[in-house]
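Structure at a glance
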Amino acid sequence: MAVKTMPAQAQPHHHHARARRGGVARAMPRLKTVLIAATAYVVALLFLFPYVVMLLTSLRSQESLRDVTFWPDEWVWSNLTDFWGSGLAGNLWVTIKVAAGSTVLVLLVALPAAYYAARHNFRGRNAFLILVLITQMFQPTAMVVGIYREFFQFGLVDSIWALILVNAGFNLAFAVWILTAYFSSIPRELEEAAFIDGNGRFGALFRITLPLAMPGVITALIFTFIAAWNEFVVALTLTTTTANQPLPVALNSFIGQYQVDWQNLFAGSVIATIPVIILFALIERKVVGGLTAGSIK
């Protein structure tokens, strides 16, 4: 029986057709990647634009604040250097102490609470975790009167300790939730292997579990630190002297009844933003890892 063969001239045609289809298939993912990257850059620029305006305004003179030009005609760098001589450096130090103290207190309480919730199926565990999440619905503004009365009775008004306790209390629930999810994603078998090697519960926690959960710990740390750093309403209510006010409250002094000192206000805002940007840039990868941790079991 004769076998029909494809003409020799037709074979290269199909070969080139497959090559063209393969080239188109390879080109499409590249085009999609370019479009996604371009969209991401546009969104990033939209978010960064207010900060650029803030920086440029902080370098303007008082006379050029109402100029329609985007770039200042005269760069007044003294607006940034005068910050340290205006007394606001002390308020910056207060902010650092409040944010750092709140973060340390939150981690000291949230770590054992989250570890116990992740490793023990005790009665009411789910209700406890839901209650922890519900507490995030309460805003400090809605309870500021009660908070003031409570600290007034304890004699802690106009105290840094009051600000540390309040900020720790309002950020504790988020830290417990994040850390519980991360501890739950770590296999129990790793701790059981540590028990066999002679480690106790605390030894397994500090040598095995806690190092593996470090992305979740960093996530709780950065979010607590930023929330305490930016807190305004409670700090404005609980502090009465300028020396004990955090920087966000002290910057409010540039807003007068009839005039706003915009260039100095923005200069202080730029300086207040720099430490948070540096901190977030240093640990950004671990923050992403903590937010993508496994779900609660």
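Residues numbered from 1 in each chain as written. Predicted model: local features only at pLDDT ≥ 70, side-chain atom pairs only at ≥ 80, totals over all residues. Heavy atoms only, no water.

Moving on: the environment of Phe 174. Tracing the chain through its elements places Phe 174 in helix 6 (residues 160-184). As for Phe 174 and Leu 133, which are separated by 41 residues in sequence, their C-alpha atoms are 7.2 Å apart. Setting aside chain neighbours within four positions, we find Phe 174 in contact with Gln 136 and Phe 223. (Helix = DSSP H or I, 4+ residues; strand = E, 2+ residues; numbered from the N terminus. Contact = heavy atoms within 4.5 Å.)

For the rest of this paragraph, the subject is the packing of aromatic side chains. Per the counting criterion, the structure on display carries 6 aromatic pairs. Ring geometry for Tyr 115 and Phe 183: centres 5.6 Å apart, planes at 85°, overall edge-to-face. Here Phe 183 lies in helix 6 and Tyr 115 lies in helix 3 (residues 88-119), a separation of 68 residues in the sequence. Phe 183 carries the same exposure label as Tyr 115, and that label is buried. (Phe/Tyr/Trp six-rings, centres within 6.5 Å; stacked < 30°, edge-to-face > 60°. Buried < 20%, exposed > 50% of the residue type's maximum accessible area, 1.4 Å probe, protein only.)

Interhelical geometry of helix 3 versus helix 8 (residues 201-212) gives an angle of 95° and a closest axis separation of 13 Å. Considered as vectors, helix 3 and helix 8 are oriented roughly perpendicular to each other. Contact residues: helix 3 offers Leu 111, Tyr 115 and Arg 119, while helix 8 offers Arg 201, Leu 205, Thr 209 and Leu 210. Each residue belonging to the contact of helix 3 with helix 8 can be placed in one class, and the counts come to 4 nonpolar, 1 polar and 2 charged. (Axes fitted to C-alpha atoms, helices over the stretch in contact; angles between N-to-C directions. Parallel < 35°, antiparallel > 145°, perpendicular 65-115°, else oblique. Nonpolar A, V, L, I, M, F, W, Y, C, P; charged D, E, K, R; others polar.)

Notably, Asp 158 is not glycine yet its phi reads approximately 60°, a positive angle. In this structure, Asp 158 sits in the loop between helix 5 (144-153) and helix 6.

Right, let's get into the packing of helix 3 against helix 9 (residues 214-230). Where helix 3 meets helix 9, the closest approach of the two axes is 8 Å, and the angle between their N-to-C directions is 140°. With respect to helix 9, the element helix 3 is oriented oblique. Crossing of helix 3 against helix 9: the hand is right-handed. From helix 3, Leu 92, Thr 95, Ile 96, Ala 99, Ala 100, Ser 102, Thr 103, Val 106, Leu 107 and Leu 111 reach across to helix 9, where they touch Val 217, Ala 220, Leu 221, Thr 224, Phe 225, Ala 228 and Trp 229. Of the residues in the contact of helix 3 with helix 9, the class split is 13 nonpolar, 4 polar and no charged. (Left-handed = near helix turned anticlockwise from the far one by under 90°.)

Moving on, we get to the side chain of Ser 102. Along the chain, the position of Ser 102 falls in helix 3. Judged by relative accessible area, Ser 102 falls into the buried class, the value being 0%. When neighbours within four sequence positions are excluded, Ser 102 is seen to be in contact with Leu 163, Ile 164, Asn 167, Ala 168, Thr 224 and Ala 228.

The terminal C-alpha atoms of helix 9, which comprises 17 residues, lie 24 Å apart, in line with the 24 Å expected from a rise of 1.5 Å per residue. Regarding helix 9, the residues found buried are Pro 215, Gly 216, Val 217, Ile 218, Thr 219, Ala 220, Ile 222, Thr 224, Phe 225, Ala 228 and Trp 229. (Expected span 1.5 Å × (residues − 1).)

Time to look at the UniProt feature "transmembrane region" (unreviewed entry) in the protein. Cross-referencing UniProt, the feature "transmembrane region" (unreviewed entry) maps to residues 34-56, 92-116, 128-148, 160-183, 204-229 and 265-283 in the present numbering. Taken end to end, residues 34-56 is 100% helix and 0% strand, and its two terminal C-alpha atoms sit 31 Å from one another. A distance of 37 Å separates the end C-alpha atoms of residues 92-116, which is 100% helix and 0% strand. (UniProt positions renumbered as here; feature names shortened; annotations may be inferred.)

What follows concerns a negative patch on the surface. A cluster of acidic residues, Glu 63, Asp 67, Asp 73 and Glu 74, forms a negative patch at the surface. Here Glu 74 lies in the loop between helix 1 (10-58) and helix 2 (78-81). (Patch = residues over 30% accessible without salt bridge, like charges linked within 9 Å, V, L, I, M, F, W, Y side chains within 5 Å. Areas by Shrake-Rupley, 256 points an atom, 1.4 Å probe, with all protein chains shown as cover. Salt bridge = Lys/Arg side-chain N within 4 Å of Asp/Glu carboxyl O. Lys, Arg positive; Asp, Glu negative; His and termini not counted. Charge placed at Lys NZ, Arg CZ, Asp CG, Glu CD.)

It is worth spelling out the nonpolar core at this point. Ranked by size, the top nonpolar core spans 20 residues in total, and within it Ala 110, Leu 179 and Phe 183 carry the most contacts. Contributions of two or more residues to this core are made by helix 3, helix 6, helix 8 and helix 9. With 7 residues, helix 6 is the largest single contributor of residues to this core. Once you skip the residues sitting within four places of it in the chain, Phe 183 turns out to touch Leu 111, Ala 114, Tyr 115, Ala 118, Arg 119, Thr 209, Leu 210 and Ala 213. One finds Phe 83, Ala 99, Phe 254 and Val 276 within the second-largest nonpolar core, a separate group that totals 15 residues. (Core = buried A, V, L, I, M, F, W, Y, C linked by side-chain atoms within 4.5 Å.)

With that settled, the discussion passes to helix 12 (residues 262-282). Note on helix geometry: an α-helix contains 3.6 residues per turn, so any two residues three or four positions apart are oriented the same way. Spanning 21 residues, helix 12 covers 30 Å between terminal C-alpha atoms, matching the ideal 30 Å at 1.5 Å per step. Taken residue by residue, helix 12 has Gln 263, Leu 265, Ala 267, Gly 268, Ser 269, Val 270, Ile 271, Ala 272 and Val 276 as its buried positions.

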